[in-house]
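As a plain string of letters, each chain reads:
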Amino acid sequence: MSGQEAAESKHNAANPEVAVVRQQEADRALQENKAKLLNILQAVPVGIGVVVQGAFTEVNGHFTDIIGYSRDELLGHSPALLYPTAQEAEKEHEKCLEQLEAGDTAGIETEWKCKNGARIDVLRSVALLDPANPNVGFILTASSTTERQCEREALRHSQMMLSHVLNSIPQAVFWKDRESRYLGCNQPFAAAVGIADTEQVVGLTDYDLPWRLEDTEAYRADDRSVMESNTSKRHIIEPLQQADGKRLWIDTTKVPLHDTK
């Protein structure tokens with residue numbers, strides 16, 4: 001002990017109220033840090049569980065939402081509670097140990113059992129709380145792939161409905177990006193340019209389609225005008241040469257499209 005530390009120790013012994021105040025300050029700082037950590041855990045948009053000595057010491061709201069158990073029902077319990085069988089729990093425990101030892105934080109797909117008995121697919125990963133001291137514990141993160149599968153299925157269904165509606169319209173419909181590359185079209189437009197599958201139009205430009213050069217330049221000039229002015233151009237009477245060589249006069253309307261940003 002240094003001379004200064006010895007002097008402070010003697011001073012604290014002679015003034016016990018000083019030691020009490022310092023301990024209270026240390027306790028208050030510890031509680032403030034814990035509160036900050038809990039706020040961070042709740043803000044992260046994935047399920048997070050803190051495991052120390054084989055049991056949960058903290059979980060965030062996303063974690064409880066995924067598994068159906070409350071925070072109080074999880075704290076103090078082993079992550080084995082999450083698995084359908086003891087054998088699966090042991091197998092996952094060994095995988096977690098291997099990942100922790102290797103420092104591998106990659107997500108692994110696995111199956112958990114919710115409180116109501118339902119089984120869900122999750123993507124889980126693990127990381128040491130303190131890499132310098134592997135025995136302290138680890139952090140378990142998880143996100144439900146079942147939810148994402150449902151979202152993807154809903155998106156696929158909405159895309160199919162949109163495609164069905166567009167293909168039911170007798171008029172040709174298409175949409176382009178800022179470089180006038182086609183991003184999509186309906187079946188009547190694809191048929192007019194001699195392409196069977198609408199997906200094959202994606203990425204093409206008017207130069208790739210059976211238009212006359214002067215028509216192509218006019219189409220692209222209209223595209224630029226609409227995008228630069230952010231104003232629709234309606235009832236453009238213009239020629240169109242179809243893939244079969246037939247030349248038509250068509251009434252075209254172009255409107256600016258915006259993303260969600």
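Provided above is the structure to which this section pertains.
Residues numbered from 1 in each chain as written. Predicted model: local features only at pLDDT ≥ 70, side-chain atom pairs only at ≥ 80, totals over all residues. Heavy atoms only, no water.

Trainee: Sorry if this is basic, but what is going on with the pattern of salt bridges here?
Mentor: Note on pairing: side chains with opposite charge can pair once their charged atoms come close. One pass over the structure, following the stated rule, counts 13 salt bridges. The closest approach of N and O atoms between E179 and R181, which form a salt bridge, is 3.5 Å. Owing to a relative accessible area of 45%, E179 belongs among the partly exposed residues under this scheme. Take R181: its relative accessible area is 36%, and that puts it in the partly exposed class. (Salt bridge = Lys/Arg side-chain N within 4 Å of Asp/Glu carboxyl O. Buried < 20%, exposed > 50% of the residue type's maximum accessible area, 1.4 Å probe, protein only.)

Trainee: I would appreciate a short explanation of the packing of aromatic side chains in the present structure.
Mentor: The way to describe two aromatic rings as a pair is by their centre distance and the angle between their planes. On inspection of all chains with the given rule, the structure shows 8 aromatic pairs. Arranged with centres 6.3 Å apart and planes meeting at 85°, the rings of Y83 and W112 form a pair that is edge-to-face. Pair noted here: Y83 is in the loop between α4 (71-74) and α5 (86-102) and W112 is in strand β3 (residues 108-113), with a separation of 29 residues, a long-range link. Comparing Y83 with W112 shows no difference in burial state: the two are buried. Aromatic side chains F189 and W211 sit 6.4 Å apart centroid to centroid with 70° between the ring planes, which places their arrangement in the edge-to-face category. A residue pair is termed long-range when its members are at least 10 positions apart, and F189 in helix α7 (residues 187-192) and W211 in the loop between α7 and α8 (213-229) qualify at 22 residues. Looking at F189, the relative accessible area reads 4%, which means it is buried. Ring pairing ties together the aromatic residues F174, Y182, F189, W211 and Y219, which thus form one cluster. (Phe/Tyr/Trp six-rings, centres within 6.5 Å; stacked < 30°, edge-to-face > 60°. Helix = DSSP H or I, 4+ residues; strand = E, 2+ residues; numbered from the N terminus.)

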